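These are the residues of each chain, in order.
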Amino acid sequence: MLDLPYRFHRRSPFVIAEGWHMRVAAGAGILAIGVLLWPGARCVGALARPLPAGGETGMDGAPGLASTGPAAARPRLIVLTDIGGDPDDQQSLIRLMAFANEFEIEGLIASASGTPGELRRAITQPQLIREIVEAYGKVLPNLRQHAEGYPSAEDLLARVKSGNPQRGWDHVGDGHDTEGSRWIVQVADRPDPHPVSVTIWGGQTDLAQALWRVKADRGEAGYRDFARRLRIYDIGDQDRIVERIWKEFPGLFYILGQAARGKDRREAVYRGMYLGGDESLTSREWVNTHVREGHGPLGALYPMKTWTAPNPHSTLKEGDTPSWFYFLPTGLGDPAHPEWGGWGGRFQSTPEGVYRDAQDTVGTVTHARASVWRWRPHFQSHFQARMDWCMKSRAEANHAPIAVCNGDATRNALEAVAAPGSWVKLTAAGSSDPDGHKLSYRWWVYKEAGTYRGEVKLVTPDAAESALAVPGDAAGKEIHVILEVTDDGAPPLTSYRRVVVKVP
Ligand SMILES: [Ca+2]
Ligand SMILES: [Ca+2]
């Protein structure tokens, strides 16, 4: 079988001109997008085609939103934060500001501070959001030297809202609308085909109120139309109302990051932000060196002390960051697919039609947190680089490579359809680095993201060109391949692509 890669590179008389995308029926109705078509259907040479990234939403066959297509618009993001309790919400918000160009930040809503019972008074603290946005405004001219799309601080400040200082179902219903709940309705009502990503860093009371209001005013059909515009990622069900939300408001696209009942709550997916894996990357020293000191007024606000033991350093926690990582277009994931995994962790669908924590195996460890910490060396490097952007010139800082996969330069997942026993050609040719850095490559199979459980062979997994051997017993399964393209800058930055191989 080792001669096959060679055969891949050899052009046959059946080669279809590069760049053409056409469906070719081969054998028993195998669909392939041809760039390289091997006679005899031994190798369909399927060049992957883009999936409709971020397009569909809704559940149980509910009609989806229009496809966002290639080079999707920036994800529309709403943050509900209990800022003012555990200082890790400030940490998550500071990191989000460094990535603000990747989103259309539609709302920064201060919900009830702290987790229930933590603070003596019921309060929301939007001024803590404003403080961070204002610090962002000071480094904004420098950030804009490094990337396009950073919003003005004024635009963000206009989107800072206050929610309900009280929490729980007793504070949902008539008379409980808040500035925050009204804002959620207003944003989702805007005539925009893209879903609204709602990340819940604290309680869900204001979201529940928004849903209640829409259902009360518009009835069941109006509610359904509204609900399918939303994608929700909830950190920990802090207001203890998630089951009521699911019951009263069916059909929501809802990810709940939370340890299973009866387990220690620190087992949850999102705790992989700071627990497990290489914990040296969350140390006081790391944060001081790369965020807090010498990185300008935004980094200087980064709190150095957070709550919840055991936290190996009690410094970086950012328990809420995985919620927006999930929607960040890294090239790894697709917000329509929580089961695929990415910086925001990996989830599995449940009989109730929602998504709950799933486990990844990394080395000898199998754990829900591993689905986040496995990416920590990469996401910390990106954070480090972006904090450099706050102060350094373009020439002094690093910028991530552009990972091109099988000729596609977007960050969308690609799909290849390939028969059992065939080969899928994989190429990162055309990848580049904006700083001219040297690139290295890694192809690997993300086993848990797919449905094939056996071993899958990849030829030259550390080269720009690779090929995947579709196992003979993989019919009906999906195999997920990740491409990592890493530069040799300081710090080294990794960009990703995903190829979903579907085996008919
Ligand atoms: Ca929080
Ligand atoms: Ca670079």
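Since this is a predicted model, take the numbers as computed values, not measurements.

(A) Focus on the coordination of the calcium ion (ligand 1). For the calcium ion (ligand 1), the full set of protein donor atoms is Asp82 (OD), Asp89 (OD), Asp89 (OD), Trp201 (O) and Asp320 (OD), and the range of their distances to it is 2.3 to 2.7 Å. Read from N- to C-terminus, the donor residues coordinating the calcium ion (ligand 1) fall into the pattern D-x6-D-x111-W-x118-D. Here Asp82 is found in the loop between β4 (76-81) and α2 (88-98), whereas its partner Trp201 is found in the loop between β7 (196-200) and α6 (205-227), with 119 residues between them in sequence. Of the two residues, Asp82 and Trp201, neither departs from the other in class, the shared state being buried.

(B) Main features of the confidence of the model for the protein chain. For the protein chain, the mean per-residue pLDDT works out to 87, and 86% of the residues sit at or above 70. Contacts for the low-pLDDT stretch residues 1-47, under 50 throughout, to residues beyond four places or in other chains number 83 contacts.

(C) Summary view of the coordination of the calcium ion (ligand 2). Looking at the calcium ion (ligand 2), one finds its protein donor set to be Asn398 (OD1), His399 (O), Asp433 (OD), Asp433 (OD), Asp435 (OD), His437 (ND1) and Asp487 (OD), positioned 2.3 to 2.6 Å from the metal centre. Mapping the donors of the calcium ion (ligand 2) onto the primary sequence gives the spacing N-H-x33-D-x1-D-x1-H-x49-D. Taken as a pair, His399 in the loop between α12 (376-389) and β14 (414-417) and Asp435 in the loop between β15 (423-427) and β16 (439-445) lie far apart in primary sequence, 36 residues in all. The exposure class of Asp435 is partly exposed, given its relative accessible area of 28%.

(D) Region of the structure containing the side chain of Thr124. One can find Thr124 in the loop between β5 (104-110) and α3 (126-143). Given a relative accessible area of 15%, Thr124 falls into the buried group. Those residues in contact with Thr124, other than ones at most four positions away along the chain, are Ala110, Ser111, Ala112, Ser113, Ser162, Gly163, Asn164 and Pro165.

(E) Main features of the sheet that holds β7. If you walk across this open sheet you meet the eight strands as β6-β5-β4-β7-β8-β9-β11-β10, and the pairing is mixed. If you trace the sheet from one side to the other, it starts and ends with β6 (160-162) and β10 (347-349), each paired once. Each strand axis lies, on average, 20° off the axis of its neighbour in the sheet, ignoring direction. Bridge analysis of β7 against strand β8 (residues 230-235) gives five bridges, and the strand direction is parallel. Opposite Ile200, over in β8, you have Asp234 as the bridge partner. In the packing of helix α5 (residues 179-189) onto the sheet, the strands contacted are β4, β5, β6, β7 and β8, and the crossing angle to β5 comes to about 160°.

(F) Structural view of the packing of α2 against α3. Look at α2 against α3: their axes get within 10 Å of each other, and the N-to-C directions meet at 30°. As judged from the angle between their axes, α2 and α3 are roughly parallel. Regarding α2 and α3, the two cross each other, and that crossing is right-handed. On the side of α2, the interface is formed by Gln90, Leu93, Ile94 and Met97, while α3 contributes Leu128, Ile129, Ile132, Val133 and Tyr136.

(G) Summary view of the pairing of strand β19 (residues 478-487). Within β19, nine of the 10 residues are buried, which leaves the element mostly enclosed by the surrounding structure. Pairing between β16 and β19: seven bridges, direction antiparallel. Looking at the pairing, Ser440 lines up with Thr486 of β19. Strand direction decides the pairing type here: β19 and strand β20 (residues 494-502), joined by nine bridges, are antiparallel. Its bridge partner lying in β20, Thr486 is registered against Thr494. Here β19 folds back onto β20 in antiparallel fashion, the turn holding six residues.

(H) Expanded view of the pairing of β20. Counting buried positions over the nine residues of β20 gives eight, a clear majority of the element. For β14 and β20, the ladder comprises four bridges, and the chain directions are parallel. The residue bridging Ala416 from the neighbouring strand is Val501, located in β20.

Analysis parameters
Residues numbered from 1 in each chain as written. Chains lettered and ligands numbered in written order. Predicted model: local features only at pLDDT ≥ 70, side-chain atom pairs only at ≥ 80, totals over all residues. Heavy atoms only, no water. Donors = N, O, S within 2.8 Å, 3.2 Å for Na, K, Ca; no water. Helix = DSSP H or I, 4+ residues; strand = E, 2+ residues; numbered from the N terminus. Buried < 20%, exposed > 50% of the residue type's maximum accessible area, 1.4 Å probe, protein only. pLDDT = per-residue confidence, 0-100. Contact = heavy atoms within 4.5 Å. Pairing = 2+ DSSP bridges. Axes fitted to C-alpha atoms, helices over the stretch in contact; angles between N-to-C directions. Parallel < 35°, antiparallel > 145°, perpendicular 65-115°, else oblique. Left-handed = near helix turned anticlockwise from the far one by under 90°.

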